[in-house]
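These are the residues of each chain, in order.
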Amino acid sequence: RVRAEPRERGSGVKLDGESVALDVERDTWRGQYVLRDTTRIPDDEGWGRTLSTWDARDTSVGEVIGQWPPGIQEFGSPTTAFGKDATDAGAVDAHWGGARVFDYFKDKHGRVSLDGHGMTVNSLVGVVNGGHPYVNAFWDGEKMVYGNGDEEYRPLSAGLDVVGHEMTHGVVEHTAALVYAGQSGALNEAIADYFGNAIETGAYGVPTADPDSGLVGDRLCRTRSPRDCAFRDLNDGRNTAKHFLGVGFGTDNGGVHLNSTIFAGALWDAREDLGDTLADKIVYRALAQYLTPLDGFIEGRAAVLAAAGDLNADAGQLKALHRAFNAHGIVP
Ligand code: ASN
Ligand code: ZN
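Quick caveat, the model's predicted, so the values are computed rather than measured. The numbering scheme is per chain: residues are counted from 1 as the chain's sequence reads. All chains are assigned letters beginning with A, and all ligands numbers beginning with 1, in the order in which they are written. It should be noted that, the model being predicted, local features are given only for residues of pLDDT at least 70 and side-chain atom pairs only at 80 or more, the latter also being counted only at that level, while totals for whole chains, interfaces and linings use all residues.

**Focus on the environment of Arg7**
Think of it this way: any DSSP run of H or I at least four residues long counts as a helix, any run of E at least two long counts as a strand, and we number them from the N terminus. Within the secondary structure, Arg7 sits in strand E1 (residues 7-13). In sequence terms Arg7 and Pro133 are 126 residues apart; their C-alpha atoms lie 34 Å from each other. Once C-beta atoms are placed from the backbone, any two residues with those atoms within 7 Å are in contact. If we ignore the near neighbours within four places in the chain, the residues touching Arg7 are Asp23, Glu25, Thr38 and Thr39.

Structure below.
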């Protein structure tokens, strides 16, 4: 089958000023180039499956959750060089970051897209909150949505850890399907943070041992120091099961973000001892082969240890895992 729209190598500038290559396509109907990447999902997986980045500037968050807002289009440009509007909207970062995350799961874990079967990856950028800035991002069950940010925070796609986090929610949904409430929800959040930061540190060459490696959202900060403004810190060793905050389901789905660093902190500690490659494989295997929807921290520990055994972790590595879970109060 001959494709109507030729693939092109495009370019753009991220919000941190870095120039990057982008996989784009010419949309012959619109007479424009668009942020549509057809290079990553193989043709025999089916025509039309892509990574697309959509221009949802000024669309309110209520119009995008669980529905497709009318009239939005893939982010366009008159030339293959996407300009300042694409940068400012976070479109360049979302399209670039989406490809990094896609490649990470494919190259490191053999997983083709979020569902493992080449599903289309759609990212909406520039979303606002009823005329106000929107400083959040989320996976709504089918797509990634990025807020436009404010004076303190860049558009949310500017954090590769945030992009990795949201896309990992898609992977979790298609694997363990951890229920997004209470302890299974905190485990879901922990795994999203773990892979988000694993992908970001890998892409930027930051060692896990760096004390700032576990900051979530640190690249979004415009004025304050990353440590002050980051959303979470996976190196926050104080967050243990002793500090588990049981809050009502009406608050943060029962504390899914309050308690996530208990488990993510243990995983991030262990990653330093095990090394990135083995640690990531263990966490992925725990997610894809062992965890089930209502699991909590104790089951999470067992899943990780089982996966580590499968992957021939040696006695010292298993000990490091035990130590990390114990230190965070995750003890059966
Ligand atoms: N950024 C948050 C997350 O992905 C949005 C939310 O509360 N669901 O976890
Ligand atoms: Zn999340």
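**Notes on the site of ligand 1**
As a matter of local geometry, ligand 1 sits amid Asn136, Ala137, Phe138, His165, Glu166, His169 and Glu189. Elements with a minimum of two residues in the shell around ligand 1: strand E9 (137-139) and helix H3 (160-173). A total of three residues in the shell around ligand 1 trace back to one element, the largest contributor, which is H3. Throughout, the ten residues Ala, Val, Leu, Ile, Met, Phe, Trp, Tyr, Cys and Pro are labelled nonpolar, Asp, Glu, Lys and Arg are labelled charged, and all others, Gly among them, are labelled polar. Considering only residue class, the shell around ligand 1 consists of two nonpolar, three polar and two charged. Nearness is defined per residue: the C-beta atom, placed using the backbone, must lie within 6 Å of the molecule or strand.

**Overview of the packing of helix H2 (residues 91-109) against H3**
Working convention: axes come from line fits to C-alpha atoms, limited for helices to the stretch in contact. Angles between N-to-C directions cover 0 to 180 degrees. Packing of H2 against H3 brings their axes to within 9 Å, and their N-to-C directions diverge by 55 degrees. One way to sum up the angle between H2 and H3 is to call them oblique. In this structure, H2 meets H3 at a crossing whose hand is right-handed. For the pair H2 and H3, contact is made by Ala94, Gly97, Gly98, Arg100, Val101 and Phe105 and by Leu160, Val163, Gly164, Met167 and Val171, respectively. Here the residues of the contact of H2 with H3 are counted per class, giving seven nonpolar, three polar and one charged. Angles below 35 degrees are treated as roughly parallel, those above 145 as roughly antiparallel, those between 65 and 115 as roughly perpendicular, and all remaining angles as oblique. Crossing handedness is read from the near helix: turned anticlockwise from the far helix by less than a right angle, it gives a left-handed crossing, and turned clockwise, a right-handed one.

**Digging into the environment of Pro133**
Residue placement: Pro133 occurs in the loop between strand E8 (121-127) and E9. On a C-alpha basis, the gap between Pro133 and Gly149 in space is 5.8 Å, while along the polypeptide they are 16 residues apart. Those residues in contact with Pro133, other than ones at most four positions away along the chain, are Val128, Asn148, Gly149 and Asp150.

**What about the domain arrangement of the protein?**
The split into domains, and so the bounds of each, comes from an automatic or database assignment of domains. As far as domains go, the protein holds domain 1 (7-173) and domain 2 (182-327). With centres defined by C-alpha atoms, the gap from domain 1 to domain 2 works out at 25 Å. Across the contact, 22 residues belong to domain 1 and 22 residues belong to domain 2.

**Thoughts on the nonpolar core**
Joining buried Ala, Val, Leu, Ile, Met, Phe, Trp, Tyr and Cys residues through C-beta atoms within 7 Å gives a set, and that set is a nonpolar core. Using C-beta atoms placed from the backbone, we call a residue buried if 20 or more other C-beta atoms fall within 10 Å of its own, exposed if 12 or fewer do, and partly exposed for counts in between. Membership of the largest hydrophobic core comes to 82 residues, with the highest contact counts inside it found for Tyr146, Ile191, Tyr194, Phe263, Leu267 and Val283. Three or more residues apiece are contributed to this core by two domains, here domain 1 (7-173) and domain 2 (182-327). Among all residues touching Leu267, those that are not within four sequence positions of it are Ala190, Tyr194 and Val283.

**Observations concerning the UniProt feature "active site" (unreviewed entry) in the protein**
UniProt feature "active site" (unreviewed entry): in the numbering of this structure it lies at Glu166 and His257. In sequence the annotated residues extend across 92 residues, while in space they remain close, none of their C-alpha pairs exceeding 13.3 Å. Of note, Glu166 is situated in helix H3. Residue classification places Glu166 among the buried positions, given that 27 C-beta atoms sit within 10 Å. Residues in contact with Glu166, not counting those within four places in the same chain, are Ala137, Phe138, Trp139 and Met144. Turning to its location among the elements, His257 is positioned in the loop between helix H6 (252-255) and helix H7 (260-274). The contacts of His257, once residues within four sequence positions are left out, are Glu189 and Asp252. UniProt positions are given in the numbering used here, feature names are shortened, and annotations may be inferred rather than shown by experiment.

**Observations regarding the sheet that holds E1**
In this description, strands pair whenever DSSP reports at least two bridges between them. Judged by pairing direction, the sheet is antiparallel, and its four strands sit side by side in the order E1-E2-E3-E7 without closing on themselves. Strands with a single pairing partner mark the edges of an open sheet, and in this sheet they are E1 and strand E7 (76-77). Pairing of strand E2 (residues 19-27) with strand E3 (residues 32-34), which is carried by three bridges, proceeds in the antiparallel orientation. If you follow Arg26 over to E3, its bridge partner there is Tyr33. Running over the sheet, H2 touches E1 and E2 and is turned about 95 degrees from E2.

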